Amino acid sequence: MEPPALPAATFERRVVRSGAEHHYLRVRLELPDGGARPNVAQFKQLVVSALRELHGEVGAALPVDVLTYEEKTLSAILRVISSGLVKLWSALTLLGFYQNRRCAFRVLQTSPFLLALSGNSRELVLD
Amino acid sequence: MEKATAFPSLVMGRGEGHIYCPRKVEFKTITPRPTAPLPDKESLLISPVGPIQVSLLIPECGILPEVLKSTIADVGEYYLVRNLSVHELVTHEFIDAFVKKGSCYALTYNTKIDQDNTAALLPNGKLILSVDKDTYEELGLQGHPSRYSGKKVMRYIITIDLTDSGYHPDSKKYKRVLWALKEKKPLEFDFLLAWYNTGAEGSTLMSYFSKNQIKALKPKITISTLRDVQCPVLKSNELQGKPEESCSTEELFEWLGAVWNQVSLDNKSSSFLSTYCCPQPNTVVEKAFLCTITGFIIPEKIIQLLEQLCCYFGEPKLAYWLTLTVHGFADSPVSWRESEHGFHKGGENLYNFVIFRNLDYWLQMAVGTNDDCPP
């Protein structure tokens, strides 16, 4: 005997493709040992100056948010509108100096989903 | 689905093909019992190879709820085997002892899907090898070009069905596969292994691979409590949200990311550093419970956890909803069911459940550019 049919469940599905408003980047600033480390405001200023250097005033006006910043490790999570990702990424890559000292930005992870940055299997050490 | 180009750097700013599909299903007809079947259990075994991280967020809750204690304490152990030759996984001894007697999961560890050869064994008995062109030609096993390798094919996918009736110790196919992987082109990896069986007796992975370097590992559990958190207001029947009334699924998804990355939620829109703030409308909850389980966790355990979470609302609770986030391996050769998975820019491969007090739920699935749309 067949079991009594259950009332149909409502079901709704929505797909968003290429629709992410923002992209997120996890970055780390590399500086030679010793010397001053930028605080969060100086860090943001550095990102803006990197954008200005490569893309001019229009690039500097690109809204970039420093969502988190850890002064100890010089790592940060940045948020940028999706259309500005290439601009930001290229500006960070080509930045070479902070206060006349050599420096480099390492882009560790990038994603259109902020949640994806909280679980990176490539950095996972299990044993 | 747009295909990635062979030059990912050209498309990197446009985020092509990022898929994000929230779903809403009501399962009111199901009573919240531990054994209550979920409506589409099959589709929950989405990430066929074990995820790496399961994160749980319960608003208005300060300690680990009683109903979850046993499930979280018993998420099961998994194994790390060093330098295991792939041919060990295709022998009939292994298949009879493990693959046919339960759900056997295996995934190469510390291999990158966009650079290295990788392999995965799915619970349905399929062994998937994702190999570069040279290895593919040396192996001489039948496969097909990767969907995401562009015009000039540099990566091939080989699928071997270990439970196929034509795959038995006397068959030509069996001998060929064994010969290819043992003598023609021996492939060795560090493997993560897990095995789930329902009560059947038999040898364990630990004793079976005792001559290899094998180590049993337990998932790492971290628990914390947040104080005075701003939580978005959600209504289960409003996926898109309504101004002044509820937040949309996208807003929730970003907020969850902010919580798990310890992003400050109370910025001003004029702030120099960050303009991110908690979506409107929101409420401040006194405390929120966070729990993260990291390791090679098998989908069966996640289903158990999900069923226990439904029981959580069996008694009256202050929380209106809770969330369960599951991160998959970025370097797994498959994402949902058997769809091919690639890395592109980030290898995103995750899903998130929002379970409401009335047992409605939302399921949000996110994958990267080199993926099919989830089911």
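Residues numbered from 1 in each chain as written. Chains lettered and ligands numbered in written order. Predicted model: local features only at pLDDT ≥ 70, side-chain atom pairs only at ≥ 80, totals over all residues. Heavy atoms only, no water.

Per an unreviewed UniProt entry, the recorded name for chain A is Ribonuclease p protein subunit p14, and the organism is Limosa lapponica baueri. Database annotation for chain A, UniProt heading Sequence similarities (unreviewed entry): "Belongs to the eukaryotic/archaeal RNase P protein component 2 family." (UniProt positions renumbered as here; feature names shortened; annotations may be inferred.)

Considerations on the overall build of chain B
The helix and strand tally for chain B stands at nine helices and 15 strands. Taken across its 375 residues, chain B has 58% of its residues classed as buried. In chain B, once contacts between residues fewer than 6 apart in sequence are set aside, the share between residues at least 24 apart is 74%. Carbon and sulfur atoms make up 51% of the accessible area of chain B, which amounts to about 15,500 Å² in all. (Helix = DSSP H or I, 4+ residues; strand = E, 2+ residues; numbered from the N terminus. Buried < 20%, exposed > 50% of the residue type's maximum accessible area, 1.4 Å probe, protein only. Contact = heavy atoms within 4.5 Å. Areas by Shrake-Rupley, 256 points an atom, 1.4 Å probe, with all protein chains shown as cover.)

Brief notes about the side chain of B:N117
Residue and element names in this part refer to chain B. Here N117 shows up in the loop between β4 (103–108) and β5 (118–121). Assessed through its relative accessible area of 13%, N117 is described here as buried. Separated by 3.0 Å, the side chain of N117 and the backbone nitrogen of D132 make a polar contact. Looking at N117, its side chain comes within polar contact range of the side chain of T135, at 3.2 Å. Residue contacts for N117: discarding those within four places in its chain leaves T111, S130, V131, D132, T135, L187 and F189. (Polar contact = N/O pair within 3.5 Å; in protein donor to acceptor, adjacent residues only side chain to side chain.)

A look at the pattern of salt bridges
With the rule as written, the count across this model stands at 17 salt bridges over all chains. One salt bridge in this structure joins A:E30 and A:R106, with 3.2 Å as the shortest N-O distance. On the criterion of sequence distance, the pair formed by A:E30 in strand β3 (residues 22–30) and A:R106 in strand β8 (residues 104–111) is long-range, its members being 76 residues apart. Using a relative accessible area of 29% as the deciding quantity, one classes A:E30 as partly exposed. With a closest N to O distance of 3.5 Å, B:K69 and B:E66 form a salt bridge. A residue pair is termed a helical-turn pair when its members lie 3 or 4 positions apart in one helix, as B:K69 and B:E66 do in helix α3 (residues 66–73) at three residues. Given a relative accessible area of 38%, B:K69 falls into the partly exposed group. In the salt-bridge network here, residues are joined through shared partners; they are A:R28, A:E30 and A:R106. (Salt bridge = Lys/Arg side-chain N within 4 Å of Asp/Glu carboxyl O.)

Structural notes on the sheet that holds strand β8 (residues 155–161) of chain B
All names here are of chain B. An order of β7-β8-β6-β5-β4-β9-β3-β10 is seen for the eight strands of this open sheet, with the pairing classed as antiparallel. The open sheet has two edge strands, β7 (144–145) and β10 (213–217), and neither has a second partner. Pairing of β5 with strand β6 (residues 126–132), which is carried by four bridges, proceeds in the antiparallel orientation. Across the sheet, the residue bridging to L121 is L127, located in β6. (Pairing = 2+ DSSP bridges.)

Thoughts on the sheet that holds β8(A)
Hydrogen bonds between backbone atoms are what pair the strands of a sheet, whose relative direction is either parallel or antiparallel. All names here are of chain A. The strand order β4-β5-β3-β8 describes an open sheet built from four strands, whose pairing is antiparallel. Each edge of the open sheet is held by one strand with a lone partner, namely β4 (64–70) and β8. The mean inter-strand angle of the sheet, taken between neighbouring strand axes irrespective of direction, is 25°. Note: β3 against β8, seven bridges, orientation antiparallel. Note on β8: the bridge partner recorded for V27 is V107. (Axes fitted to C-alpha atoms, helices over the stretch in contact; angles between N-to-C directions.)

Structural notes on the confidence of the model for chain A
Confidence in the prediction for chain A averages 86 pLDDT; 91% of positions are at 70 or higher. Note that pLDDT drops below 50 for residues 1–8 of chain A; the model gives that stretch one contact with residues more than four away or on any other chain. (pLDDT = per-residue confidence, 0-100.)

Looking at the packing of helix α1 (residues 40–60) of chain A against helix α2 (residues 85–94) of chain A
In a packed pair of helices, the relevant descriptors are the angle between the two axes and the axis-to-axis distance. Residues and elements named next belong to chain A. Relative to each other, α1 and α2 sit at 95°, their axes nearing to 8 Å. Accordingly, the angle class assigned to the pair α1 and α2 is roughly perpendicular. Taking contact as the criterion, the partners of V47, A50, L51, L54 and H55 in α1 are, on α2, K87, L88, S90, A91, L92 and L94. Counted by class, the contact of α1 with α2 contains eight nonpolar, two polar and one charged residues. (Parallel < 35°, antiparallel > 145°, perpendicular 65-115°, else oblique. Nonpolar A, V, L, I, M, F, W, Y, C, P; charged D, E, K, R; others polar.)

Some thoughts on unusual backbone geometry
All names here are of chain B. Of note, the bond from Q280 into P281 is cis; its omega dihedral lies within 30 degrees of zero at -10°. The phi dihedral of N83 is positive, around 45°, even though this residue is not glycine. Looking at the element boundaries, N83 is found in strand β3 (residues 78–85). Accessibility expressed as a relative area gives 47% for N83, which makes it partly exposed.

A closer look at the nonpolar core
Across soluble globular proteins, you tend to see nonpolar side chains buried next to one another. Residues and elements named next belong to chain B. F94, I160, L162 and F191 are the most contacted members of the largest nonpolar core, which has 40 residues in total. It is helix α6 (residues 172–184) that provides the largest number of residues to this core, a total of five residues. If near-sequence neighbours (up to four positions away) are discounted, F191 is found in contact with Y79, L80, V81, L84, V86, L89, A106, L107, T108 and A119. Within the second largest apolar cluster, 34 residues are counted, among which are V229, V259, C278 and W321. (Core = buried A, V, L, I, M, F, W, Y, C linked by side-chain atoms within 4.5 Å.)

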